[in-house]
Amino acid sequence: MAASVWSSPVVLVFLLVCPVSCFSHTISFTRGELLNIRHCTPSDILPVFDYSDVLFNIVVGGAAALLKHSRTRKRGKRAGALIRLRKRGFKTALPSIHLANLRSLPNKTDKLLLLCRTNKDFSNSVVLCFVETWLNDFIPDSALHLPGYLLFRADRDAESTGKSRGGGVCFYINEKWCTDTTVMKKMRCLDLEALFINSYRQKLKSAKPVVRTVKRWTNETELALQACFEYSDWSVFEAATTDLDELTETVTSYISFSKLRQIRQAKEDAYRNGDKVLYRQARNTLTKEIRVAKRNYSKKVLLSQAEKPDCRPQWHHKQPELEKDGDLIIGGIFSFRTTQDGYQDSFTKMPVLRPCKDFSFREFKLAHTMMFAIDKINKATDILPGVTLGYKIYNECGSTDILRAGMALINGVEQSQISENCTKPQTVQAIIGHSGSTPTMSFARIVGRFYIPVISHFATCACLSNRKEYPSFFRTIPSDYHQSRALAQLVRHFGWMWVGALSNKNDYGINGITTFIMAAHEEGVCIEYTEAFESTGPYNELLRIVNIIKTSTSQVIMAFMSHREIKMLVEELYRQNITGLQWIGSDAWITDDSLADGPGHSLLIGSVGFTARNAQIPGLGPFLQEVHPSQFPNSTFLREFWEYVFDCSLTQSKVKMKCNGSEHLRDVQNSFTDVTDLRISDNIYKAVYAVAHAIDNLLSCEQNKSSISNACPKLNQMKPWQVLNVLKFVNFTTRSGENVFFDNNGDIPAKYELINLQSVNKGKMKVQTIGYYDASLPKGQRFSMNNVLIVWREESNGVPVSVCSESCPPGTRKAVQKGRPVCCYDCIPCPPGEISNRTDSIACLKCPFAQWSNTRGDACIPKEVEFLSYDEIMGILLALFSLVGVFFTIVTMLIFYTYRSTPIVRANNSELSFLLLFSLTLCFLCSLTFIGRPTEWSCMLRHTAFGITFVLCISCVLGKTLVVLMAFKATLPGSNVMKWFGPLQQRLTVLAFTIIQILICVLWLTVSPPFPFMNLNHYQDKIILECDLGSAVGFWAVLGYIGLLAVICFVLAFLARKLPDNFNEAKLITFSMLIFCAVWISFIPAYVSSPGKFIVAVEIFAILGSSYGLLFCIFLPKCYIILLRPEFNTKKLVTTKTLH
């Protein structure tokens, strides 16, 4: 750390960190050495420096001679040198420098201020050098100001030093010592923070000699006065002022005060000592002196008031731009110029006037609309008869200047002169304006405390509806609360589900875009990005937003901002050739003709947005055409406007030719004289008439007197708060039929027109109304379109598409992508059995139990009902095999019937053979009951018929087996077995076996019969129509009984297979039973495992297989002998023991 002072000029350097390599020698001082430098001679200090190698030198000019003659002050004496130096008044003897490591300057500011006021050595220092200031860009210089010092600072830069905390150096330069101070260089790196300042030129050497006449007391007088003060320091009075008259007044006042204090002390001493006489005298004296002091003070106050006015403006007073006198005055605040360079007050001196730039013809026309409405009211006889309204219209831009205009309208101060007393303020009855929400908020909050009505024609921020913050605010334009929701419904109407949002970085933009985002989320719209900026902001902020727009995927941008910001934005987009964007505008810029002046206006063609409904104001056009500078000679803007429109000069000029006086506004066409679009002008018109109706109602006592006073106010006694109370209940109808009134928040009903910016022609934006929005209607009826052709963005023939993901077609559902908004999703096909029958379905719906989804997944269709029918090949084949079996059985029966008398037919009870053939025919036919749609009767018939016919068949086979077996047993001598197995017994046997099966079936049908059943469990996409067994016990009892008879028959036939006979039918029965049992044993696992209609097919196959086995095994050999080997069909051969 080093500090250096050069004279003529002096360079001050403050290094926080410096490597050893920076200097060839390192010089260090202790704190005590630094504090004692002023008591040392140059020879004590300067020899330690090597002038050839050291970078900085410390030169203390003039100190050696002064210190050489200084002498030690004797006790009780005043040092002559110090007295002489102190009398110089404006600076100390030596240029002193204070150095300190503060560790956060903001926390030490109050202490530094105290030191400046109480410590002379500190306040008279040439330079205050501080390190570790810990400052940043967010702490302004105004927060660190010390009286009489100029601040120069070098804060730590995180990008250069790599550190974000600590560090920082600064200088406070004493304005009495140093002039022409400039910063030479700032160095901020990893190891070094330095601030180089070129300053300090000694005033005694640089300034010319000045001769002054100073009045002073003599030394005797001063000593006599000092003797009056026992405990006071005389230097306090000397330091207070250099003027002798002021010093005399101060000392006299102090003496008077001291005298009163002495009398009061004497009174207290007398009371304490109990001396009543002395106490009474001291009390009387004190009372008298206090009365005299009060009288002297009153004279001083009156004298001060006579010399100075009561009040005066504390800033540059500015007259109204347009003014007209009247019985009652209405104020107006407009911005004829809309742009102002950014600024930041230092609060160390009076701010200068800040000029505005860029013409706003729209604002100028609004002001003249206000003037036109007031002139029309003054000429009317049905409203305010005999009362003349005047106006004061201010032209200001920037919130600070607009606030000042509002305060001027409140105070009514027209002009102020120092030599005159202020007159009684003439306060306006109401204020019309401003167009911007943020400026309106700045002065409406203050004006509201004085209960002066403020009626805005274009301030739409929803925050202004807060009656606690803005108790006197009204507006003739709907609140952004409704506009933001209307814009959200507009976005949803056109299917723009993926949009960007931009706004001003002020109350209007932030509140509006926040409400829009909330309403958009309610409508299911997603916001890709939200950004805000100001026209006065840095250029890199604008570039950052343009880059966001360039890299985004949304094609629609909601711009909730003023015309200044949108103009800057589209110009930058035009410069970077970024096109193809669809803009949605707020009412602040969607109809502003000033946008046509910029090069990027073509990008805005196709924009849509809501704005106030258009209207016509009869007579306004001619009124605007008659505007002339001679009407308001004091209006600077009107002269500039005239010179701009006609490109001439009203004064002598070398740049422009002089106006010849023939210029007239009816000969030009611009946005000022154009009256085709009077949306905002109509709001001004209604605002003026609302105030006029309120005053008229107030004067005619039509409102509730209890809210005003017991009597009607007089014209010269009318107060703004009375107008405010009546204005709340104003309700009138304009000539166009519109009903004007205010709700509890000071808002009017929200009614908008949806407009489309279609083209730009001669500096004017051509718009077309394409829809309407009325917030007073039910929710589903507020927004409507009027089927007008819409011009969309460039390179777009239809409605632009702006979605994060393409719409999911029917048959799919949306699945939100992880970490992204709900509008970004994937389309997932619906699973089988579920459908989505509309676009962008969020979920798939399950089909009813009897239906199934189609292949596209967008509709439920009836499930396919599956059963074994005659229409499919399997059913046809099985039916065919059944009928073939019936055919063969009948043929066999015919053969047997034809040859019934032959030995081979009669050999084994032909009656049982015919009964067997008949039962086989029924078995073949009962298989047909299994084919076809199951019904209640078919389900009961198929199983019972199957069980009974098969028992009948097996009973016949069993009877034949018993006959064969008993026939051979009967051939034994003395055997009479055959008499028990005759034809009658055979019939009874068959009948008995069959009746048992019939009883089982009847019991089954009685307890739990089979029934048709829709099986939905086996297949998801099919319905298996089958016959439920009802009682599985009954079914398996029927099968078990058949199996039991088959097994008995098989065993008996097997036993009789080796009986001696040429034609042993037992062998045939054995084979047939073997096939029968094999078929039905294999039927059981196949039946259990087969799905759907295949169960029925397995059952039919088992019936047909076993039936064919019986038919062929028993009757085919006999038919073969009957038809092909008739020579064997003889009684001899049939009864022969062996057949060769």
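Read on for a plain summary of the structure. (Residues numbered from 1 in each chain as written. Predicted model: local features only at pLDDT ≥ 70, side-chain atom pairs only at ≥ 80, totals over all residues. Heavy atoms only, no water.)

1. Quick notes on the sheet that holds strand S8 (residues 322–324)
Link 1 in the chain: Strand order in the open sheet formed by six strands is S8-S12-S9-S13-S14-S15, and the pairing between neighbours is mixed. Of all the strands in the sheet, just S8 and strand S15 (473–475) have a single pairing partner and so form its edges. Averaged over all neighbouring strand pairs, the angle between strand axes comes to 25 degrees, with direction disregarded.
Link 2 in the chain: Note that strand S13 (residues 430–432) and strand S14 (residues 454–456) share two bridges and pair parallel. Note that in S14 the partner of Ile432 across the bridge is Ile455.
Link 3 in the chain: On the sheet, helix H13 (residues 361–379) packs against S8, strand S9 (328–334), strand S12 (389–395) and S13 and is oriented at approximately 170 degrees with respect to S12. (Pairing = 2+ DSSP bridges. Helix = DSSP H or I, 4+ residues; strand = E, 2+ residues; numbered from the N terminus. Axes fitted to C-alpha atoms, helices over the stretch in contact; angles between N-to-C directions. Contact = heavy atoms within 4.5 Å.)

2. Digging into the sheet that holds strand S23 (residues 751–761)
Link 1 in the chain: A sheet is described by the order of its strands in space; here eight strands give the open sequence S17-S16-S18-S19-S20-S23-S24-S25, paired in mixed fashion. Whereas interior strands pair on both sides, the edge strands pair on one side only; in this sheet they are strand S17 (526–533) and strand S25 (783–785). Between one strand axis and the next, the sheet turns through 30 degrees on average, direction left out of account.
Link 2 in the chain: As defined by bridge partners, strand S24 (residues 764–774) adjoins S25 across three bridges and the pair is classed as antiparallel. Directly across from Gly771, in S25, lies its bridge partner Met785.
Link 3 in the chain: Here helix H16 (residues 480–493) sits on the sheet in contact with strand S16 (498–504), strand S18 (556–560), strand S19 (582–585), strand S20 (608–612), S23, S24 and S25, set at roughly 150 degrees to S20.

3. Digging into helix H22 (residues 679–699)
Link 1 in the chain: Between the first and last C-alpha of H22 there are 31 Å, a value that for 21 residues agrees with the 30 Å anticipated at 1.5 Å per step.
Link 2 in the chain: A positive backbone phi angle near 60 degrees is found at Cys701, which sits one or two residues after H22. (Expected span 1.5 Å × (residues − 1).)

4. Concerning helix H23 (residues 720–727)
Helical periodicity: at 3.6 residues per turn, an α-helix aligns residues three or four positions apart in one direction.
Link 1 in the chain: Of all the eight residues making up H23, seven are buried; the element is thus mostly covered by neighbouring parts of the structure.
Link 2 in the chain: Turning to H23, its buried residues are Pro720, Gln722, Val723, Leu724, Asn725, Val726 and Leu727.
Link 3 in the chain: If you follow the buried residues of H23, they end up packed against S14, S15 and H22. (Buried < 20%, exposed > 50% of the residue type's maximum accessible area, 1.4 Å probe, protein only.)

5. Topic: the state of the cysteines
Link 1 in the chain: Enumeration according to the criterion identifies nine disulfides in this entry.
Link 2 in the chain: Shown here is the disulfide that connects Cys356 with Cys397, its sulfur atoms set 1.6 Å apart. Sign of the S-S torsion, about -95 degrees for the bond between Cys356 and Cys397, identifies this disulfide as left-handed. Taken together, the positions of Cys356 in the loop between strand S10 (337–339) and strand S11 (357–359) and Cys397 in the loop between S12 and helix H14 (399–411) put the pair 41 residues apart, joining distant regions of the chain.
Link 3 in the chain: On the basis of relative accessible area, Cys356 is assigned to the partly exposed category, the value being 24%.
Link 4 in the chain: The class of Cys397 is buried, set by a relative accessible area of 2%. (Disulfide = S-S within 2.5 Å.)

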